[in-house]
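Each chain is listed here by its residues.
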Amino acid sequence: MSLRGDITRALSVEAGRRGVFGSSWEYFDEIGSTNDVALRAAEQGAPEGALFVAGAQTAGRGRMGRSWHSPPEAGLYVSTIVRRGVLAPWITLAGGVAVAEGIREATGLPVQLKWPNDVVAVTGHAFRSRRKLAGVLAEASSSAEAIQYIVLGFGINLRAAALPPELEGRAGSLEGELGRQVDGGAVLAAALEALNRVTSDIEAFGPSQLLTEWMRLSPSAHGSDVEWDGPEGVRTGVSAGIDTQGALRVSTSSGIERIVSGEVRWK
Ligand code: BTN
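Residues numbered from 1 in each chain as written. Predicted model: local features only at pLDDT ≥ 70, side-chain atom pairs only at ≥ 80, totals over all residues. Heavy atoms only, no water.

Caption draft 1: How the structure looks around the nonpolar core. Leu-76, Ile-103, Ile-156, Leu-174 and Leu-188 are the most contacted members of the largest nonpolar core, which has 58 residues in total. Look past the residues within four positions of Leu-188 in its chain and what remains in contact with it is Ile-7, Leu-11, Leu-51, Val-53, Leu-76, Val-78 and Phe-154. Listed in part, the 13 residues of the second largest apolar core include Ile-31, Ala-38, Phe-52 and Ala-54. (Core = buried A, V, L, I, M, F, W, Y, C linked by side-chain atoms within 4.5 Å. Buried < 20%, exposed > 50% of the residue type's maximum accessible area, 1.4 Å probe, protein only. Contact = heavy atoms within 4.5 Å.)

Caption draft 2: Representation of the packing of helix α3 (residues 91-107) against helix α5 (residues 184-205) within the structure. Axis separation between α3 and α5 bottoms out at 7 Å; the angle between their running directions is 135°. Considering the angle they form, α3 stands oblique to α5. Relative to α5, α3 is oriented so that their crossing is right-handed. The segment α3 lies against α5, with Ile-91, Ala-94, Val-97, Ala-98, Val-99, Glu-101, Gly-102, Ile-103, Glu-105, Ala-106 and Thr-107 engaging Ala-186, Val-187, Ala-190, Ala-191, Ala-194, Leu-195, Arg-197, Val-198, Thr-199 and Ile-202. A class-by-class count of the residues in the contact of α3 with α5 yields 15 nonpolar, three polar and three charged. (Axes fitted to C-alpha atoms, helices over the stretch in contact; angles between N-to-C directions. Helix = DSSP H or I, 4+ residues; strand = E, 2+ residues; numbered from the N terminus. Parallel < 35°, antiparallel > 145°, perpendicular 65-115°, else oblique. Left-handed = near helix turned anticlockwise from the far one by under 90°. Nonpolar A, V, L, I, M, F, W, Y, C, P; charged D, E, K, R; others polar.)

Caption draft 3: Representation of unusual backbone geometry. Cis rather than trans, the peptide bond between Trp-115 and Pro-116 has omega equal to 0°. Within the secondary structure, Pro-116 is located in the loop between β4 (112-114) and β5 (118-123). The phi dihedral of Glu-14 falls on the positive side, at around 50°, and the residue is not glycine. Its location among the elements puts Glu-14 in the loop between α1 (3-11) and β1 (25-28). If you check the backbone angles, Met-64 has positive phi at about 55° while not being a glycine. The topology assignment puts Met-64 in the loop between β2 (51-54) and β3 (75-82). What makes Met-64 partly exposed here is its relative accessible area of 48%.

Caption draft 4: Representation of the sheet that holds strand β7 (residues 147-157) in the model. Strand order across the open sheet formed by seven strands is β1-β2-β3-β7-β6-β5-β4, with mixed pairing between neighbours. Lying at the two open borders of the sheet, with one neighbouring strand each, are β1 and β4. If you compare each strand with its neighbour and ignore which way they point, the axes differ by 25° on average. Against the sheet, α5 makes contact with β2, β3 and β7, and its axis sits at roughly 25° relative to β3, the strand it touches most. (Pairing = 2+ DSSP bridges.)

Caption draft 5: Inspection of helix α6 (residues 208-216) at higher detail. The set of residues buried in α6 consists of Leu-210, Leu-211, Glu-213 and Trp-214. For α6, the buried positions fall inside an angular range of 165° around the axis, keeping them on one side. Residues of α6 that are buried in the fold lie against α3, β4, α5 and β9 (233-242). (Arc of directions from axis to C-beta.)

By themselves, these figures tell us nothing about what the structure is for.
Below you can see the structure in the form of structure tokens.
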């Protein structure tokens, strides 16, 4: 079946567990970027949970100004709108947890998170071989007083065709890892269920459950040799978990440093 068919089938059952997420959805065979479509829709008043899915993107974008390779029917290219302001500080971590949990739930693949929200397959000793399978990009629109809305976009590589040639060896796909076909609709539905659960928990109880889940999905966030680009060059240290704000803690020769944005490289 086509990706659109898989999604139609998966989203037509058990809608209650997804809450608002996917209560309305629109599919584009090809679009520039689903985040742009969702940003425009949010600006025009579309509600939280409205979902935009594309079979292909011609201008898919990733974090840190990178592009997101989005060839036809090879990946899930999805964006949704979040309006609850209380979620704003946590939406990036929440998106990563939701996508990782959704993949685990729908496929059984034991994916992990790499700070802040790369979803990776890990094999080998000490996290030596790590292939990125999915990524999350949250973009917010704020006024002087408050965040108006957030668009949460995620891309999941379903098939090998989704892998950018320049990331040979550093990116992977669900089907490549599992050696069998994957139902993209089931992965999307499970990710939306997890997103509903995680965001409801944050709203009701605060972020502590999210932070615990994130740590459980990210064994490499503790005790890994890492390096990152600081203002005065490359810095190194050993990862020491995340703090209550979601920053990565790194133990360095001059004490614990907090990394709040950007990315770290595992050595
Ligand atoms: C990352 O750099 O890891 C984040 C990648 C996010 C890609 C998704 S695909 C759907 C949505 N639309 C975009 O243009 N980007 C996000």
